[in-house]
Amino acid sequence: MKPIYLLPCVFAILASSGLAAVAVTNEDAKPRASSPIYGVTIPDGYRQWELVAPAEEAEPLNELRAVLGNVVAIKAYRDGTLPFPDGTVLAKLAWKHIQSPEFESASVPGAATTVQIMVKDSKKYAATGGWGFGRFVDGKPADETQHRTCFACHEARVQGHDYVFTRYAP
């Protein structure tokens, strides 16, 4: 039988099914930077997720934003499921907006400002409405002070929408 190379956490499942598995570790892999308080990281492959909706933030932020959702999030949005199920992950990408050099009336993304992540785990993040938050600048998490503002803002403004600002743009 040919070996199947998988992460160690899958080994027990394979063993119980009769398949052979070889655990492989990457000792050169760097640990991912995680957000203070919540321990949220930037998920692999998030740039390939589906678009939930775009937005434009006025001054003082002056940003263009796009919110992307993993498969669980997109299904919940399409089905109108609230609260969002555990496993929902949302990624907000933000850029300063600038005037397009080719089309005078268009705004286009300029310099990237942040990537923000919301992860739904109702047990792990019970104290914050079931959501964990991560705000990253140049791939590095913002400080703890900034992360302390996340839930308070969501709680004050969108508690009735499971603490999520973004609505699905069909």
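In case you missed it, the structure is sitting above this.
Everything numeric in this text was worked out from a predicted model, so none of it was measured.

1. Some points on the overall build of the chain
(1) Moving on: For the chain, the helix and strand inventory stands at three helices and eight strands.
(2) Moving on: Going from the N terminus to the C terminus, the chain shows its helices and strands as β-α-β-β-β-α-β-β-β-β-α.
(3) Moving on: Taking all 170 residues of the chain together, the buried fraction comes to 35%.
(4) Moving on: Summarising the internal contacts of the chain: among those between residues at least 6 apart in sequence, 47% fall at separations of at least 24.
(5) Moving on: Summed over its atoms, the accessible surface of the chain is roughly 10,600 Å², and 57% of this surface lies on carbon and sulfur atoms.

2. Things to note about the packing of aromatic side chains
(1) Moving on: Using the criterion set out here, one finds six aromatic pairs in the structure.
(2) Moving on: For the pair Tyr-38 and Phe-133, a centre-to-centre distance of 5.4 Å together with 70° between the ring planes defines the contact as edge-to-face. Pair noted here: Tyr-38 is in the loop between strand E2 (21-23) and strand E3 (50-57) and Phe-133 is in strand E7 (residues 131-137), with a separation of 95 residues, a long-range link.
(3) Moving on: For Tyr-38, a relative accessible area of 8% translates into the label buried.
(4) Moving on: Within the aromatic cluster, the residues linked to one another by ring pairs are Tyr-77, Phe-84, Trp-131 and Tyr-168.

3. Re helix H3 (residues 144-158)
An α-helical segment advances 3.6 residues per turn. Residues three or four places apart therefore align on the same side.
(1) Moving on: For H3, with 15 residues, the first-to-last C-alpha span of 22 Å sits near the 21 Å given by 1.5 Å per residue.
(2) Moving on: Buried within H3 are the following residues: His-147, Cys-150, Phe-151, His-154 and Val-158. All buried residues of H3 fall inside an arc of 90° around its axis, so they share one side. Exposed and oriented more than 90 degrees from the buried face of H3 are Thr-145, Arg-148, Ala-156 and Arg-157.
(3) Moving on: At its buried positions, H3 is contacted by strand E6 (107-120) and E7.
(4) Moving on: Sitting at the head of H3, Asp-143 places a side-chain oxygen 3.3 Å from the backbone nitrogen of Thr-145.

4. As for the sheet that holds strand E8 (residues 140-141)
(1) Moving on: Pairing in this open sheet of six strands is antiparallel, and the strands run E3-E4-E5-E6-E7-E8 from one edge to the other. A strand with exactly one partner marks an edge of an open sheet, and here the two such strands are E3 and E8.
(2) Moving on: Sheet topology places E3 next to strand E4 (residues 63-69); seven bridges connect them, and they run antiparallel. Note on E4: the bridge partner recorded for Glu-57 is Glu-63.
(3) Moving on: Here helix H2 (residues 71-79) sits on the sheet and contacts E3, E4 and strand E5 (89-99); the angle it forms with E3, its principal contact strand, is near 80°.
(4) Moving on: Contacting E6 and E7, H3 crosses the sheet at an angle of about 130° to E7.

5. Thoughts on unusual backbone geometry
The bulk of non-glycine residues show a negative phi, and the bulk of peptide bonds are trans.
(1) Moving on: Omega for the bond connecting Glu-59 with Pro-60 falls within 30 degrees of zero, at 10°, which places this linkage in the cis form.
(2) Moving on: If you trace the backbone, Pro-60 turns up in the loop between E3 and E4.
(3) Moving on: Following Leu-82, the chain continues to Pro-83 via a peptide bond in cis, the omega torsion being 0°.
(4) Moving on: Secondary-structure assignment places Pro-83 in the loop between H2 and E5.
(5) Moving on: Although it is not a glycine, Ile-37 adopts a positive phi angle of roughly 75°.
(6) Moving on: With respect to the element layout, Ile-37 can be found in the loop between E2 and E3.
(7) Moving on: In this structure, Asp-138 is a non-glycine residue whose phi angle is positive, near 55°.
(8) Moving on: Here Asp-138 is to be found in the loop between E7 and E8.
(9) Moving on: The exposed category is assigned to Asp-138, whose relative accessible area is 70%.

Parameters at a glance
Residues numbered from 1 in each chain as written. Predicted model: local features only at pLDDT ≥ 70, side-chain atom pairs only at ≥ 80, totals over all residues. Heavy atoms only, no water. Helix = DSSP H or I, 4+ residues; strand = E, 2+ residues; numbered from the N terminus. Buried < 20%, exposed > 50% of the residue type's maximum accessible area, 1.4 Å probe, protein only. Contact = heavy atoms within 4.5 Å. Areas by Shrake-Rupley, 256 points an atom, 1.4 Å probe, with all protein chains shown as cover. Phe/Tyr/Trp six-rings, centres within 6.5 Å; stacked < 30°, edge-to-face > 60°. Expected span 1.5 Å × (residues − 1). Arc of directions from axis to C-beta. Polar contact = N/O pair within 3.5 Å; in protein donor to acceptor, adjacent residues only side chain to side chain. Pairing = 2+ DSSP bridges. Axes fitted to C-alpha atoms, helices over the stretch in contact; angles between N-to-C directions.

Nothing here speaks to function; it is geometry throughout.
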